[in-house]
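Below are the chains, spelled out letter by letter.
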Amino acid sequence: LSQQGVSKKDFEGFRNLFHRFLQVKGPSVEWAKINRPPEDSIQPFDKIKAKGLPDNIADSLNKLVVVKLNGGLGTSMGCKGPKSLISVRNENTFLDLTVQQIEHLNKTYNADVPLVLMNSFNTDEDTKKILQKYTHHGVKIHTFNQSRYPRINKESLLPVAKDMAMTGENADVWYPPGHGDIYASFYNSGLLEQLIAEGKEYIFVSNIDNLGATVDLYILNHLVSQPNGKRCEFIMEVTDKTRADVKGGTLIQYDGKLRLLEIAQVPKAHVDEFKSVTKFKIFNTNNLWISLSAIKRLQEQNAMDMEIIVNPKTINGGLNVIQLETAVGAAIKCFDNALGINVPRSRFLPVKTTSDLLLVMSNLYSLEAGSLTMSERREFPTTPHVKLGSSFTKVQEYLTRFESIPDMLELDHLTVSGDVTFGKQVSLKGTVIIIANHGDRIDIPAGSMLENKIVSGNLRILDH
C-alpha cells in the first residue's frame, strides 16, 4: 500500500475509534452483570494435554501461523530501538529466540510454520534491517505494520499534529493504537488473505517479550480437532494470579459471552475487589489462538468490538494528550465458542524490567532450541521474586553491576537497592536483601554465598 493509501486507512480507523470514544460515557461494564465464567469455559491445561497428540502433527502445524507483537521500543529498559532486539541470553535477542523456536519446530516435524511480526512505525525500519540475517533459517518471515494514529489534546480533543510528517516537532504526535489494532491492520495489509489462501487456519499471537509463549502442540491439536459445527474460534491462555499479577485482565461471563475485563474498565469502587485473588483467580497471559477465517468474517462485517482504553500521556514540554487504544484480547466476546485454557505459569515469562532479565539470564533457566525452561535442579517450581533498584533500571548499567550472573537456583527473594555491584560466581539463597545507603557502595565479593542475609551500609572492595 502507498503511504497515502495507508494514511487513508489509518484515518478511517482513527475516525471510527474517535467517534466511539465520544459516545461512550462512564465505565463500559455494569458491575452487577458480571458473573464468574461457567466451569467448562475455562479448561485446565492438563485436560487438553490428556487428549494426547495425533501422528500427523505436521498437518496441524501447517495450518498454523505464529504472530509476535513487535511494536514496542526498549525505552523502559533504557535501550534505543525495538525491544525485540535486546539481548536476553548468550547474545540472543527476543527475535533470535523466536526464530530459533520456529526453526526447530519446522525441522523436527518437517512443517512450514511462518512467523509474522506486527511492527509499529517505531520498530519497522530497524526490524526489517535485521531480518536479512534469518534468510537461511527455514522460517518464512512476514511483517505488517500497526496503524499510526494522532494523539489528541486532552482539553480540545483535537489532533496535535500539524501535518503528516513524523519528525521534528511532530515526533511525539503519533502513536500505535495498542495491539487490538492487529485485526484491522493484519486484514488491511492483505497478509491475512494471503495466508488463508496458503491453507493457514489459525494464528498463535503473543507478546515478543513473553519468553514462555512457545507453540504448544496440545492446544493446537485441541483447536484443529474440534467438530465442524462447534469450531472454537478463539482461545485465551490464562494462568493463576499471584500477588504480582493483581492488575492483569481477567475473564468474566457478561451478557452470556466470555469477556476480558481490564482494570481500566472497573468502576473505582470495585478496584480492590477486581484485584482480589479470590473472586478473580486467573489473568490473561496474552497468548491467544485465533481463527483466521473468523477474523476475516468479523472485519468484513465490521463486527469487531473492543473496549476503548484511554491512555493519558504528557508530551513535548508538558502538553497533556490522550491516545485511544484497544487490546487484542478484548475481542474475545466477538468470536464463536471462545475458550480459556488455564496454562502453567511457565507459559507466562515476560521480560519487562531488568529484574525479569536477571531471572532469565540466570541458571534458573536452561535454553534449548530457543525455548527457556525452568532448570530441573530447582526444587520449587515458583520463580523467585526479584526487585532491583533504580541503579539497575537501564540494561547497560545493570550489566556493568554483575561481573557474572549469580547462582540463583535456591533463591526465593532478592531485593537490591542503591549502588551495589556483584563479583564473579556469587551464590544467592533464600531471602537476600542488599541495601546501600545514599552515598555508600556495596561490592559483593567474588565467590560469596549469601543465604537469608541482609547486607546494609558500606562495603567497598578496591583493587590493591
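The rules behind the values
Residues numbered from 1 in each chain as written. Predicted model: local features only at pLDDT ≥ 70, side-chain atom pairs only at ≥ 80, totals over all residues. Heavy atoms only, no water. Pairing = 2+ DSSP bridges. Helix = DSSP H or I, 4+ residues; strand = E, 2+ residues; numbered from the N terminus. Axes fitted to C-alpha atoms, helices over the stretch in contact; angles between N-to-C directions. Contact = heavy atoms within 4.5 Å. UniProt positions renumbered as here; feature names shortened; annotations may be inferred. Buried < 20%, exposed > 50% of the residue type's maximum accessible area, 1.4 Å probe, protein only. pLDDT = per-residue confidence, 0-100. Phe/Tyr/Trp six-rings, centres within 6.5 Å; stacked < 30°, edge-to-face > 60°. Lys NZ or Arg CZ within 6 Å of the ring centre and 35° of its normal.

This brings us to the sheet that holds strand E6 (residues 141–145). Within the open sheet, the eight strands sit side by side as E1-E17-E11-E14-E10-E2-E5-E6. Their pairing is mixed. Lying at the two open borders of the sheet, with one neighbouring strand each, are strand E1 (42–44) and E6. The sheet shows a mean angle of 25° between the axes of neighbouring strands, taken without regard to direction. One ladder, built from four bridges, connects strand E10 (residues 202–207) with strand E14 (residues 282–291); its direction is antiparallel. Paired with valine 205 across the two strands is leucine 288, which belongs to E14. Strand contacts of helix H4 (residues 94–109): strand E2 (64–70), strand E5 (115–119) and E6, with the helix running at about 155° to E5, the strand carrying the most contacts. With respect to the sheet, helix H10 (residues 292–300) is in contact with E10 and E14, its orientation differing from that of E14 by roughly 90°.

With that settled, consider the UniProt feature "binding site: UTP" (unreviewed entry) in the protein. In this structure's numbering, the residues bearing the UniProt feature "binding site: UTP" (unreviewed entry) are Lys83, Gln146, Gly178, Asp209 and Lys352. With respect to the helices, strands and loops of the structure, glycine 178 is situated in the loop between strand E9 (174–175) and helix H6 (182–188). Look at glycine 178 and you get buried, because its relative accessible area is 14%. Beyond its immediate sequence surroundings of up to four residues, glycine 178 is in contact with Gln146, Glu325 and Thr326. Take aspartate 209: it is sitting in the loop between E10 and helix H8 (217–224). Residues within four places of aspartate 209 in sequence aside, it is in contact with Lys83, Phe94, Leu349, Pro350, Val351 and Lys352.

With that settled, consider the environment of valine 426. Within the secondary structure, valine 426 sits in the loop between strand E22 (419–422) and strand E23 (427–436). The exposure class of valine 426 is buried, given its relative accessible area of 1%. Distance from valine 426 to proline 445, taken between C-alpha atoms, is 7.6 Å for residues 19 residues apart in sequence. Apart from residues lying up to four places away in sequence, valine 426 is in contact with Pro406, Asp407, Ile444, Pro445, Gly447 and Ser448.

On average, the protein scores 90 in pLDDT, and the residues at 70 or more come to 96%. Across the protein, helix H7 (residues 191–197) holds the top mean pLDDT of 98, while helix H1 (residues 3–23) sits lowest at 82.

Quick look at the UniProt feature "binding site: substrate" (unreviewed entry) in the protein now. The residues that UniProt annotates with the feature "binding site: substrate" (unreviewed entry) are His179. Here histidine 179 shows up in the loop between E9 and H6. A residue is classified by how much of its surface remains accessible, and histidine 179, at 26% relative accessible area, is partly exposed. In this structure, histidine 179 is in contact with Leu69, Met118, Gln146, Asn207, Asn286, Thr326, Ala327 and Val328, ignoring residues within four places of it in sequence.

The geometry of two aromatic rings is summed up by the distance between their centres and the angle between their planes. In this structure the tally under the stated criterion is 15 aromatic pairs. Here the aromatic rings of phenylalanine 392 and phenylalanine 402 are separated by 5.8 Å at their centres, their planes lie at 55°, and the arrangement is tilted. Taken as a pair, phenylalanine 392 in the loop between strand E20 (385–388) and helix H12 (395–400) and phenylalanine 402 in the loop between H12 and strand E21 (407–417) lie far apart in primary sequence, 10 residues in all. On the basis of relative accessible area, phenylalanine 392 is assigned to the buried category, the value being 0%. An aromatic cluster of three or more residues is present, and its members are Phe14, Phe18, Phe21, Tyr149 and Tyr175. Note that lysine 241 overlies the ring of phenylalanine 274, its terminal NZ or CZ placed 5.1 Å from the centroid.

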